[in-house]
There are 4 protein chains.
Amino acid sequence: MASPSASPPPATPGLDAGALRDRIYIVIFEAETPGGKLFDVALLWLIVASVVTVALESVESVAVRHGTTLRVLEWFYTALFSVEYGLRIYSARRRLRYVVSFFGIIDLLALLPTYLSLFLPGMHTLLVIRALRLLRVFRVLKVVRMMGEAHSLLAAIRISLPKISVFVGAVVIIALVVGAAMYLIEGIEAGFTSIPRGMYWAIVTMTTVGYGDIAPKTDLGQFLAACLMVLGYGILAVPTGIVSAEIVSHHPVPPPGASEAVPEDDEDRAMCHACGAMDHPTGANFCYVCGSAVD
Amino acid sequence: MASPSASPPPATPGLDAGALRDRIYIVIFEAETPGGKLFDVALLWLIVASVVTVALESVESVAVRHGTTLRVLEWFYTALFSVEYGLRIYSARRRLRYVVSFFGIIDLLALLPTYLSLFLPGMHTLLVIRALRLLRVFRVLKVVRMMGEAHSLLAAIRISLPKISVFVGAVVIIALVVGAAMYLIEGIEAGFTSIPRGMYWAIVTMTTVGYGDIAPKTDLGQFLAACLMVLGYGILAVPTGIVSAEIVSHHPVPPPGASEAVPEDDEDRAMCHACGAMDHPTGANFCYVCGSAVD
Amino acid sequence: MASPSASPPPATPGLDAGALRDRIYIVIFEAETPGGKLFDVALLWLIVASVVTVALESVESVAVRHGTTLRVLEWFYTALFSVEYGLRIYSARRRLRYVVSFFGIIDLLALLPTYLSLFLPGMHTLLVIRALRLLRVFRVLKVVRMMGEAHSLLAAIRISLPKISVFVGAVVIIALVVGAAMYLIEGIEAGFTSIPRGMYWAIVTMTTVGYGDIAPKTDLGQFLAACLMVLGYGILAVPTGIVSAEIVSHHPVPPPGASEAVPEDDEDRAMCHACGAMDHPTGANFCYVCGSAVD
Amino acid sequence: MASPSASPPPATPGLDAGALRDRIYIVIFEAETPGGKLFDVALLWLIVASVVTVALESVESVAVRHGTTLRVLEWFYTALFSVEYGLRIYSARRRLRYVVSFFGIIDLLALLPTYLSLFLPGMHTLLVIRALRLLRVFRVLKVVRMMGEAHSLLAAIRISLPKISVFVGAVVIIALVVGAAMYLIEGIEAGFTSIPRGMYWAIVTMTTVGYGDIAPKTDLGQFLAACLMVLGYGILAVPTGIVSAEIVSHHPVPPPGASEAVPEDDEDRAMCHACGAMDHPTGANFCYVCGSAVD
């Protein structure tokens, strides 16, 4: 843990520490330079590899045969990520702000389980939290169209959020009333052992998942379930309609042949250095994705 | 039960009873004043808490340990709601109209089970009907955008209603014909014990819920089921398309930067005092949400 | 069977047979006059009642207790429908054309099972075919908005038909390839006993029905199934998108306040007398709904 | 295998070999002439018949009774397809290009299993790969509207591809995090035996397939599952919305009465001779459907 923050300062005495820190900063936090892009792509694959390692370790047949290899790999990845975490703290312009930012905390949480597994066996399963770090490296895709797509998707979802909240509220109330009714009608022998379990069944049914672990057996229960399903049709249509409408209305009718130009942000101020989100309005104080402060 | 209707009149002799009644009316039935807003938010949380209490009581492991606490809480909530119901009747401008309105009946039904549970054990499960009262307190959200969203959702659904009726009719006819066919093809050993049960299976399949408690076993039955599923694809697309089209056509292409202004209703006549719904046309006689008369 | 065709001619000697036949024709085949509307509504409820009778008879507990009542009712309904069928043949302008039209055949098929059940027990279950006759009485709704809605729905589906055919073809090819792959991977012990059964599973999965009666058990099979499900997401989006797009493009943006006027067809030529479909183009030779010839 | 490539050259000495080769080319690779159309339709039905033969052979009850017939048929179809493959190589303008093109490889793969089954029993099940050849004969439908439809569908999907990639990435990350959480919460007794299996369950749930072979049993697991399902609602809406929006925006509002004219391609250069795709831009080097080079 001490090595990363200690190693950069003594390097290259001819270069002053500030310039080195700036260079590390650009490579680690930005994606515009070739070095930064290379770093992000390498990090992306490293994270994928480490997550696959953890996932494989949970498969018993694999763990029995390749357990040692996988543990060694895990410590190797954790060491690399520890160095990277140290470099991030070292080079961040506002260190505390990075540490308490969304991705700063994720970066730390992605390291802890391996170290904790020395004391508490089983903790390393939590390492899948590293998958969340993948969100960060999506910024490497920014220079291509992909990022514009992700942004327009996020925008459509964000604008639809109030409508979706009302919708989720309505779904929960319906699930509560129907779940309680089924608890009264079907009783314990059909699996409706409590009102919360009835609500679980109602949500499984309305979302058309339909496991079948709990299913109505009486005629009245089946009739009520059939009504709920047809109702679920209409309910399912609502979020789809909302999101469709948002996407349609924000990309109305493209003039034929016009490419969807993604304007290049030529200034640094619009980017969040904690998560890489872009397109912040000029006077923005906080990142609209991760909530950390924007310079 | 007697206390709420009795307590308000003797209070504050310096104030005449009509002014007090008006003040109570504004706090309980309206959401524009700070007092009214506070009352609605408090009621919202009280209802949520009482519903959670009833739900928890149905979980056996919780009921065994905390049964007495939960029963006491239930009586506490019921007492509060009884006082509120009394105050509503006392302050309502047209008392009988409130009592027989949609929310007047819900308010009463939300009280009865606790009292009835003194004579008939098990009745208090019906208390989840209190969840329906949550619909009332949605009006507290009116002053924020949320209400506009709920209204535009309701409008889209209401306009689509005739199309949706035809659609539900078609679904029922298909379910009947296919359900009867499966009853003939599969017979009792596969779970198709009657035509209504076959219809239940057809609806479970068409809505893509698919419990699997009843599933075709013969080749012909599985072929018919596969056809029904692919048909279900198209059927599922219809309500989604209808609702999407309505939402799109009623919010066409917003000019960029324009906020969706929710016009303030500056006059009282447009609001339903039974359920809080707004935007009634000038000459409206009945509330378009709850059906109670509008002044 | 002989009674219906025999009874009308001898009636009311003061009225010539042609005028009576015309009057019967208007009542039975058209829905514009009060008598025609009344007839259609009565027929609608009679069909619903007869279908409910058949459905109830299939429920064993009901059949044991009320079997005789239900059989009597069934013969009563069949007698009424036989009379109606006879009157339709008698009054139809082109009798053979009616008999071989879509609804002419349905009308006959709806009668046969009861008579056949005298010789072959169990045949009366086929009586649910009467439900298809409900399609005919939808024309009674024509004078209200409902019919316009049903027509615009049908129009959207009809225009989307070529796209939907390509889509269904693609679904069947994917189901075939994936089903055969799962048959090879999973084998018989997981329920994939043949390629057709594998296709059945693939369709159950792609349509997100997911009974669970057949489910992959090996790692490779589950991986392939997960890929098919995510693919199914995209596949599911296609018919929804098609139908949505049709509905949106045919009801673009209604000018606010404009009622969706359903133009009255003031001439008889535009209506199909076999099924009641309307809005045929002026020179149409065949009904676009049931395929029978139009005058 | 030797016969097809050997037979054409010695035929009809009065006709020079080049003209014959051109004529075969036109019949086999193009669909504009009557002979070409007939060939494509015959091929379509032959492929369907051969695929049905393979599928039937996998059904045990059928294989026992008609096994020999089916094997003979299979060799008959394989012989015909071998001749066709030889003729394709013989007449193709650039032979190597055809052999290594997408459809060239499919054509070969569709032959191999029958020959390999002489040495390795069970290989002939792979013959369902012939179903992929059906994609080729879709070009016969080109002259009708159908092809235009398939193209506009493909275009909508292709344009949506970047958005869909981001979407699939998000689904996989959510499945990973939730699957790992369920592996920790539910453990082995509920079927969550490893993180990959947890991911499989998460995808089964999010796509609303819901087999029920793995289902949460603990309260916390069921709560998390319910959240995932409601989230799945929103997730399901995204691809639907994307595809809908594309379809809507590319077929905006057709002027009433305007037929969607499919422009006839009067020049040969626009068609891919490997897969029959059309509408390549004038200077195109590669087919946008199958990737093989365009003249």
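This one's a predicted model, so the numbers in the text were calculated from it and none came from an experiment. (Residues numbered from 1 in each chain as written. Chains lettered and ligands numbered in written order. Predicted model: local features only at pLDDT ≥ 70, side-chain atom pairs only at ≥ 80, totals over all residues. Heavy atoms only, no water.)

Trainee: For this particular structure, what's the right way to read the overall build of chain A?
Mentor: Tallying secondary structure elements over chain A gives 11 helices and 0 strands in all. Counting from the amino terminus, chain A carries its helices and strands in the arrangement α-α-α-α-α-α-α-α-α-α-α. Sorting the 295 residues of chain A into buried and exposed places 49% on the buried side. By sequence separation, contacts in chain A at least 24 residues apart represent 58% of the contacts at least 6 residues apart. With an accessible surface of roughly 13400 Å², chain A has 71% of that area assigned to carbon and sulfur atoms. (Helix = DSSP H or I, 4+ residues; strand = E, 2+ residues; numbered from the N terminus. Buried < 20%, exposed > 50% of the residue type's maximum accessible area, 1.4 Å probe, protein only. Contact = heavy atoms within 4.5 Å. Areas by Shrake-Rupley, 256 points an atom, 1.4 Å probe, with all protein chains shown as cover.)

Trainee: Explain the packing of aromatic side chains here, please?
Mentor: Two numbers describe a pair of aromatic rings. These are the distance of the centres and the angle of the planes. Evaluation of the coordinates by the stated rule reveals 16 aromatic pairs over all chains. Taking the centre distance of 6.2 Å and the plane angle of 50° together, the rings of Tyr85 of chain C and Tyr98 of chain C count as tilted. Residue Tyr85 of chain C is found in helix α4 (residues 60-91), and its partner Tyr98 of chain C is found in helix α5 (residues 95-100); the two are separated by 13 residues along the sequence. Comparing Tyr85 of chain C with Tyr98 of chain C, the two get one shared label, buried. Taking 5.3 Å as the distance between ring centres and 70° as the angle between the ring planes, the aromatic pair formed by Phe192 of chain D and Trp201 of chain D counts as edge-to-face. Each member of the pair Phe192 of chain D and Trp201 of chain D is classed as buried. Above the face of the Tyr25 of chain B ring, Arg93 of chain B is positioned so that its terminal group lies 4.0 Å from the ring centre. (Phe/Tyr/Trp six-rings, centres within 6.5 Å; stacked < 30°, edge-to-face > 60°. Lys NZ or Arg CZ within 6 Å of the ring centre and 35° of its normal.)

Trainee: Looking at this structure, I do not really get the packing of helix α3 (residues 34-58) of chain A against helix α4 (residues 60-91) of chain A. What am I missing?
Mentor: Between two packed helices, both the angle of their axes relative to each other and the distance between the axes serve to describe the pair. Residues and elements named next belong to chain A. Two numbers describe how α3 lies on α4: the axes approach to 8 Å, and their chain directions differ by 145°. The way α3 lies across α4 gives a crossing that is left-handed. Facing Phe39, Leu43, Leu46, Ile47, Ala49, Ser50, Thr53, Leu56, Glu57 and Ser58 of α3, the residues of α4 in contact are Glu60, Val62, Ala63, Leu70, Arg71, Leu73, Glu74, Tyr77, Leu80, Phe81, Glu84 and Arg88. Broken down by class, the residue content of the contact of α3 with α4 amounts to 13 nonpolar, 3 polar and 6 charged. (Axes fitted to C-alpha atoms, helices over the stretch in contact; angles between N-to-C directions. Left-handed = near helix turned anticlockwise from the far one by under 90°. Nonpolar A, V, L, I, M, F, W, Y, C, P; charged D, E, K, R; others polar.)

Trainee: Sorry, what's going on with a nonpolar patch on the surface here?
Mentor: A cluster of nonpolar residues, Trp75, Ile105, Leu109, Leu112, Leu116, Leu118, Phe119 and Leu120 of chain D, forms a patch on the protein surface that exposes about 740 Å² of accessible area. Listing elements by their share of the nonpolar patch, those giving two or more residues are α6 (102-109) and α7 (112-116) of chain D. (Patch = residues over 30% accessible without salt bridge, like charges linked within 9 Å, V, L, I, M, F, W, Y side chains within 5 Å. Salt bridge = Lys/Arg side-chain N within 4 Å of Asp/Glu carboxyl O.)

Trainee: I'm lost on the interface of chain A and chain B in this one. Help?
Mentor: Buried accessible area, meaning the area lost when the parts come together, often serves as the stated size of an interface. Taken together, the contacts link 44 residues of chain A with 46 residues of chain B. Carbon and sulfur atoms make up 76% of the surface buried where chain A meets chain B, a total of about 3700 Å² over both sides. Together, Lys163, Met229 and Tyr233 of chain A form the three largest contributors to the area buried by chain A at its contact with chain B, with a combined 20%. Across the chain A-chain B interface, the total number found is 1 salt bridge. One salt bridge connects Arg197 of chain B with Asp219 of chain A, and the closest N-O pair in it is separated by 2.8 Å. Counting across the interface, chain A meets chain B through 6 residue pairs in polar contact (both at pLDDT 80 or more). (Buried area = accessible area lost by both parts, 1.4 Å probe. Polar contact = N/O pair within 3.5 Å; in protein donor to acceptor, adjacent residues only side chain to side chain.)

Trainee: Just to check I follow, could you spell out the confidence of the model for chain A for this structure?
Mentor: Residues shown with low pLDDT carry predicted positions that ought not to be read at fine detail. All names here are of chain A. Here chain A averages 73 in pLDDT, while 67% of its residues score no lower than 70. Here helix α1 (residues 2-6) stands out as the element of chain A with the lowest mean pLDDT, 41, in contrast to helix α10 (residues 195-206), whose mean of 91 is the highest. The low-confidence segment residues 1-13, where pLDDT is below 50, has 9 contacts with residues more than four positions distant or belonging to other chains. Across residues 275-284, where pLDDT falls below 50, the model places 31 contacts with residues more than four positions away in sequence or in other chains. (pLDDT = per-residue confidence, 0-100.)

Trainee: What is the right way to look at the side chain of Thr205 of chain D in this model?
Mentor: Mapping Thr205 of chain D onto the fold places it in helix α10 (residues 195-206). What makes Thr205 of chain D buried here is its relative accessible area of 0%. When neighbours within four sequence positions are excluded, Thr205 of chain D is seen to be in contact with Val209 and Tyr211 of chain A together with Leu228 and Met229 of chain D.

Trainee: I tried to follow the relation of the copies chain A and chain B on my own but got confused; where do I start?
Mentor: Two chain copies, one operation linking them: a rotation about an axis together with a shift along it. In screw terms, the move from chain A to chain B is a rotation of 90° and a rise of 0.0 Å along the axis, fitting with an RMSD of 0.1 Å. A rotation of that kind, with that shift, is consistent with a four-fold axis. (Least-squares fit on C-alpha atoms with pLDDT ≥ 70 in both.)

Trainee: Is there a simple way to think about unusual backbone geometry in this case?
Mentor: Trans peptide bonds make up most of the peptide bonds, and negative phi angles are found at most residues other than glycine. Even without a glycine there, the phi angle at Thr208 of chain B is positive, about 60°. Here Thr208 of chain B lies in the loop between α10 (195-206) and α11 (219-250).

Trainee: Where do I start with α6 of chain D in this structure?
Mentor: Residues spaced three or four apart along an α-helix point in a common direction, a consequence of the helix completing one turn every 3.6 residues. For α6 of chain D, every residue scored as buried is listed here: Phe103, Gly104, Ile106 and Asp107 of chain D. Down the axis of α6 of chain D, the buried set is contained in an arc of 165°. They therefore lie on one face. (Arc of directions from axis to C-beta.)

Trainee: It is not clear to me how the nonpolar core should be interpreted in this structure. Could you clarify?
Mentor: Inside soluble globular proteins, nonpolar side chains tend to come together where they are buried. Residues Trp201 of chain A, Trp201 of chain B, Trp201 of chain C together with Trp201 of chain D are the most contacted members of the largest nonpolar core, which totals 124 residues. The contacts of Trp201 of chain A, once residues within four sequence positions are left out, are Val178, Met182, Phe192, Ile214, Ala215, Pro216, Ala225 and Leu228 of chain A together with Tyr211 of chain B. Counting residues in hydrophobic clusters, the runner-up holds 26 residues, among them Ile173 and Ala180 of chain C together with Tyr77 and Leu127 of chain D. (Core = buried A, V, L, I, M, F, W, Y, C linked by side-chain atoms within 4.5 Å.)

Trainee: Which parts of the structure should I look at to understand the pattern of salt bridges?
Mentor: Any two side chains of opposite charge can pair if their charged atoms end up close together. Residue and element names in this part refer to chain A. Summed over all chains, the structure comprises 16 salt bridges over all chains. For Glu84, the salt bridge is made with Arg88, and the minimal N-O distance between the two is 2.6 Å. Within this pair, Glu84 and its partner Arg88 are both found in helix α4, separated by 4 residues, close to a single helical turn. The class of Glu84 is buried, set by a relative accessible area of 5%. By relative accessible area, Arg88 is classed as buried at 0%.

Trainee: Explain the environment of Gly18 of chain C to me, please; I cannot follow it from the model alone.
Mentor: Here Gly18 of chain C is to be found in helix α2 (residues 17-29). Considered as a pair, Gly18 of chain C and Gly221 of chain C are 203 residues apart in the sequence and their alpha carbons are 71 Å apart.

Trainee: Explanation requested: the environment of Tyr115 of chain A in the structure shown.
Mentor: All names here are of chain A. Along the chain, Tyr115 turns up in helix α7 (residues 112-116). A sequence separation of 88 residues divides Tyr115 from Val27, and the C-alpha atoms of the two residues are 27 Å apart. Not counting the four nearest positions on each side in its chain, Tyr115 is found in contact with Trp75, Thr78 and Ser82.

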